[in-house]
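If you want the building blocks of each chain, they are given just below.
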Amino acid sequence: MTDALFPLAPDADDLLAGLNPPQREAVEYRGPALLIVAGAGSGKTRVLTHRIASLLRSREAWPSQILAITFTNKAAGEMRERVEQIVGDGARGMWISTFHSACVRILRREAEQFGFTKAFTIYDSGDSRALLKRLVKEREADAFGLTPAGVQSKISKLKNELADAESYARDANMSDPAERAFVEIFGDYQRELQKANAFDFDDLIGQTVFLFRAFPHVADVYRKRFRHVLVDEYQDTNHAQYQLIRELTRPVQTDVSSGGAAVLIPEADGASLTVVGDSDQSIYAFRGADIRNITEFERDFPGAKVVLLEQNYRSTQNILDAANSVIRNNFDRKDKKLWSDQGEGEKIVGFTGYSQHDEAQFVADEIDRLRRGGVDYQQMAVFYRTNSQSRALEEIFIRAAVPYKIMGGTKFYDRAEIKDALAYLVAVANPADEMAVRRILNRPRRGIGDVTETAIARFATDNGMSFRDALAHPAEIGLGPKLQKAIAQLDDVLREASGILVPASGEQPSPKAVTEGLRVLLDKSGYSDALRRSRDPQDEARVENLDELVAVTREFARNNPEGTIVDFLTEVALVSDTDDIDDASGAVSLMTLHTAKGLEFDAVFLTGVEEDLIPHRISAGEPGGPQEERRLFYVGITRARKRLYLSLAMTRAQFGEVSVAMPSRFLQEIPSTLVDWRQSPGDVNSRGGLQSRALNGRRTTGDRWGVKPLPAGGGLTPTSTAMDKFPGLVTNKMRDNGDLELAAGDRIRHDDFGEGRVDAVTGDGAKRIAHVRFDTAGSKKLLIKVAPITKL
DNA sequence: GCCAGTCTCATTTTT
DNA sequence: TGAGACTGGC
């Protein structure tokens, strides 16, 4: 069979060209279930896109029969692009999207089936927290120690497990007042969402599963449609997502029952399922990702084929050796070894700074050096564990004129003025969304405070109308003339915008509707004017941000000529700024380790490699926490193509207080032969103080980092790395008196000061300080955790 | 109802 | 440290 459009033979070849044997197998295997275990940098995107292309080319599937699910919008965009590169227009009609977008698409189509409308709002976590705040307050649940944030995360966890308020209540200890309050709030919350015609983030998945289970005929529509389901980053799926996949890949059954007898006959096999993932890169357990989804795939899908991709095309062998030797310490994993044929490459560079600024300075200097050596800024990235660590880096980078951009972090759509503007749009698109209407009620200031807001709400309840509709009856609410006028004006503006954005049925809104509607809302409500008149200098920036939002609507109209206000709001709710990573900007990327997943750079700086940061101290108490932290560290390492820097600081200022930082235990897991310590923890922290010789020396050297400082001991150990010089300085081996209990009256011995008596102990945790009077050396204050002391 | 100044409090990761 | 809650004066 030849086909003019799709000549089979040559194309099949070019899809396999350049692939190694396991990769080929992953592209070519056909069967009900396939698990591709793809180590970092093993070319999984390539495999996935070629697999899709191969299905299309061979006519095994129409584009519309393919559903590819990724974790981020960025990944979805990339995959689409790469598939289009291969098959061109033949990719049209495929669903390549995130879990959330796919579910929104389904829910919008089917919303009417279960009490929602197409125009439902998507609550982001800020929205749901705001709602919960109100509910917690109404129930006075703070008296039981419930906080909005705590309730939110608990609800989220439950939803990820597909539990609802009722099912949770069945097993909950209802004699505990806090539990009872929680159950009540959970119930309230769900009712409020329904009333507001809104889904929160977790609902998008959970309610889709619910929809499929409650309405099998609806599910069958999608089961018949999607014959090939492919899931990327499968190790990050949570239970709800797992169940969604299960529902989608169930066999289609036809109901031929007659006269009350239910008879189901199989109509078609379940869709073929391909999942790609790497359990070593599972770093989202904290928000419900269940690593078992991937580790038990073969049990879940008997007969599943498993393909292992272990050849790494990204990094040098040194980097991979480091990564392997770190991840090896996680005990419950299947052994998997990344290898590369790119040669050893450069050694990993280690550096210890005195402070985080010192560390940042090293990074800045080294970036500068790399740049001079021909590495582009956009090929360099700096990672850190927590967002707050970026500040020190930024300060130094600004001073050192290193161009940088922060990925993630404060989001455009999180700004108050943007949320206000969007609330205006939501109030028009989905008037049932009371939260949105309440939000804009007094923005700009209209003199409407708590009292008036409550009066409106009461009027609405009393008259069986929505909060939004109550705005149309200011005279009847019993308010002063000024307030009546203010409310009437708001009502007018919303009405006018509604005419533009949601025209009467049958009429097509103009492509410019969203832009125009937003303009009307901002201008006629007085919002823009209020900002422009303000003398707060920040308001100038806010005006600019709103202009930017208007520009976003224009861009949206260009890309989606048929796009409605609801489509626009969906996009805004689901697309974070992290997604539009501007690769051409010529700047160094700064981001958290989590954000780094899926990216790669020629040079990577992994900063803050300290205990309590990575592994983060909070993780210590969580089951599986330390292991997940190790995977996070592993993810960071494996982002690097050619150069990897590991840096830390000996002291770190946190919330205004300086504390001593210890090298991370993970450093010790890397063979010392792989690391070239420019300045090791030993150089900085040799006992005797933090103003070490190495640090002082550095300040006076012209080329600060060009020359490797001589190893201590006069260079008598030429092959040693600095790590050898300070046995006893890194974690296990590092002096760590940990939970050494000292109390006033105890006698201790200090390596340098001899014996003494403890007068008092102050502080707590790692910062406990012993006040000691030594027999010969006088009084000293010692940090109990690290001081070279023993109790007698 | 508004505002500005003070206070307290928690500080991980985010589709 | 810095964001949000709270308070008291207008």
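Keep in mind that this is a model prediction, so the values were computed, not measured. (Residues numbered from 1 in each chain as written. Chains lettered and ligands numbered in written order. Predicted model: local features only at pLDDT ≥ 70, side-chain atom pairs only at ≥ 80, totals over all residues. Heavy atoms only, no water.)

Peer 1: How should I be thinking about the sheet that holds strand β16 (residues 640–649) in this particular structure?
Peer 2: Strands in a sheet are paired, the pairing made by backbone hydrogen bonds, and the direction either parallel or antiparallel. Read across the sheet, seven strands follow the order β13-β14-β12-β15-β16-β11-β19 without closing on themselves; strand pairing throughout is parallel. Strands with a single pairing partner mark the edges of an open sheet, and in this sheet they are β13 (404–406) and β19 (675–679). Strand-to-strand twist across the sheet, computed as the mean angle between neighbouring axes with direction ignored, equals 25°. Examined bridge by bridge, strand β15 (residues 601–606) and β16 share five bridges and lie parallel to one another. Among the inter-strand pairings, alanine 603 is bridged to a residue of β16, identified as arginine 643. The strands that helix α15 (residues 317–327) touches are β11 (348–353) and β16; relative to β16, the one it contacts most, it runs at about 55°. (Pairing = 2+ DSSP bridges. Helix = DSSP H or I, 4+ residues; strand = E, 2+ residues; numbered from the N terminus. Axes fitted to C-alpha atoms, helices over the stretch in contact; angles between N-to-C directions. Contact = heavy atoms within 4.5 Å.)

Peer 1: Looking at this structure, how should I read the protein's contact with DNA strand B?
Peer 2: In the neighbourhood of DNA strand B, 25 residues make up the surrounding shell, with Phe71, Arg385, Asn387, Glu622 and Phe655 lying closest. Counting only the atoms of DNA strand B within 4 Å of the protein, the fraction contributed by sugar and phosphate is 56%. Between DNA strand B and the protein, one listed contact pairs a base oxygen with a side-chain N or O atom of histidine 100 at 3.3 Å. At 2.9 Å, a side-chain N or O of arginine 287 approaches a sugar or linking oxygen of DNA strand B. Residue assignment for the surface near DNA strand B shows that the elements contributing at least two residues are α20 (450–462) and α28 (593–596). At three residues, the largest contribution of residues to the surface near DNA strand B is made by α20. Of the residues in the surface near DNA strand B, the class split is seven nonpolar, 13 polar and five charged. (Near = heavy atom within 4 Å. Polar contact = N/O pair within 3.5 Å; in protein donor to acceptor, adjacent residues only side chain to side chain. Nonpolar A, V, L, I, M, F, W, Y, C, P; charged D, E, K, R; others polar.)

Peer 1: How do you make sense of the protein's contact with DNA strand C when you look at a structure like this?
Peer 2: The full set of residues close to DNA strand C is Lys133, Arg391, Phe655 and Gly656. Taking all atoms of DNA strand C within 4 Å of the protein, the share assigned to sugar and phosphate is 77%. Side-chain polar atom of lysine 133 to a phosphate oxygen of DNA strand C: 2.8 Å apart, as the coordinates give it. In the surface near DNA strand C, the residues fall into one nonpolar, one polar and two charged.

Peer 1: Can you walk me through a negative patch on the surface in this structure?
Peer 2: The grouping of Glu540, Glu544, Asp547 and Glu548 at the surface amounts to a negative patch. Relative to the elements of secondary structure, glutamate 540 occurs in helix α26 (residues 537–559). (Patch = residues over 30% accessible without salt bridge, like charges linked within 9 Å, V, L, I, M, F, W, Y side chains within 5 Å. Areas by Shrake-Rupley, 256 points an atom, 1.4 Å probe, with all protein chains shown as cover. Salt bridge = Lys/Arg side-chain N within 4 Å of Asp/Glu carboxyl O. Lys, Arg positive; Asp, Glu negative; His and termini not counted. Charge placed at Lys NZ, Arg CZ, Asp CG, Glu CD.)

Peer 1: Is there a simple way to explain the packing of aromatic side chains in this structure?
Peer 2: How two aromatic rings sit relative to each other is set out by the distance from centre to centre and by the angle between their planes. Counted by the stated rule, this structure contains 23 aromatic pairs. Residues phenylalanine 71 and phenylalanine 99 carry aromatic rings whose centres are separated by 6.5 Å and whose planes lie at 85° to one another, so their mutual orientation is edge-to-face. Here phenylalanine 99 lies in helix α5 (residues 99–110) and phenylalanine 71 lies in the loop between β2 (66–70) and α4 (73–87), a separation of 28 residues in the sequence. Chaining the aromatic ring pairs together yields one cluster made of Phe114, Phe116, Phe120, Phe199 and Phe210. The ring centre of tryptophan 95 lies 4.0 Å from the NZ or CZ of arginine 105, which sits over that ring. The residue whose ring lies beneath lysine 154 is phenylalanine 182, and the NZ or CZ to ring-centre distance is 4.5 Å. (Phe/Tyr/Trp six-rings, centres within 6.5 Å; stacked < 30°, edge-to-face > 60°. Lys NZ or Arg CZ within 6 Å of the ring centre and 35° of its normal.)

Peer 1: Whenever I open this one, the environment of alanine 68 confuses me. Can you help?
Peer 2: Relative to the elements of secondary structure, alanine 68 occurs in strand β2. C-alpha separation for the pair alanine 68 and serine 659, spaced 591 residues apart in sequence, amounts to 47 Å. When neighbours within four sequence positions are excluded, alanine 68 is seen to be in contact with Ile52, Met79, Trp95, Ile96, Ser97 and Leu230.

Peer 1: I tried to follow the nonpolar core on my own but got confused; where do I start?
Peer 2: Generally speaking, a soluble globular protein has its nonpolar side chains buried in company with each other. Counting 51 residues, the largest nonpolar core has Leu422, Leu425, Leu494, Leu549 and Phe568 as its most contacted members. If you tally residues by element for this core, the top one is helix α18 (residues 416–429), at 10 residues. Setting aside anything within four residues of it in sequence, one finds phenylalanine 568 in contact with Leu422, Leu425, Val514, Leu549, Val552, Thr553 and Phe556. Among the nonpolar cores identified, the runner-up in size contains 43 residues, and Ala33, Val37, Trp95 and Ile106 belong to it. (Core = buried A, V, L, I, M, F, W, Y, C linked by side-chain atoms within 4.5 Å. Buried < 20%, exposed > 50% of the residue type's maximum accessible area, 1.4 Å probe, protein only.)

Peer 1: Sorry if this is basic, but what is going on with the UniProt feature "binding site: ATP" (unreviewed entry) in chain A here?
Peer 2: Mapped onto this numbering, the UniProt entry gives "binding site: ATP" (unreviewed entry) at Ala38, Gly39, Ala40, Gly41, Ser42, Gly43, Lys44 and Thr45. Relative to the helices and strands, glycine 41 resides in the loop between β1 (33–38) and α3 (44–57). In this structure glycine 41 comes out as buried when scored by relative accessible area, which is 14%. In this structure, glycine 41 is in contact with Gln311, Asn312, Tyr313 and Arg314, ignoring residues within four places of it in sequence. Overall, the relative accessible area of 2% leaves serine 42 in the buried class. When neighbours within four sequence positions are excluded, serine 42 is seen to be in contact with Gln23, Leu309, Gln311, Asn312 and Tyr313. (UniProt positions renumbered as here; feature names shortened; annotations may be inferred.)

Peer 1: Would you take a moment to explain α20 for this structure?
Peer 2: For an α-helix, the turn length of 3.6 residues means that residues three or four places apart are oriented alike. When the terminal C-alpha atoms of α20 are compared, their 18 Å separation across 13 residues agrees well with the 18 Å that a helix rising 1.5 Å per residue should span. Within α20, burial applies to Thr452, Glu453, Ile456, Ala457, Phe459 and Ala460. Buried residues of α20, viewed axially, fall in a sector of 160°; they line one side. Summarising the geometry of α20, the exposed residues directed more than 90 degrees from the buried face are Asp450, Val451, Arg458, Thr461 and Asp462. Where α20 is buried, its residues meet α19 (434–441), α21 (467–470), α22 (474–477) and α23 (481–501). Phi turns positive one or two residues past the end of α20, at glycine 464, with a value near 60°. (Expected span 1.5 Å × (residues − 1). Arc of directions from axis to C-beta.)

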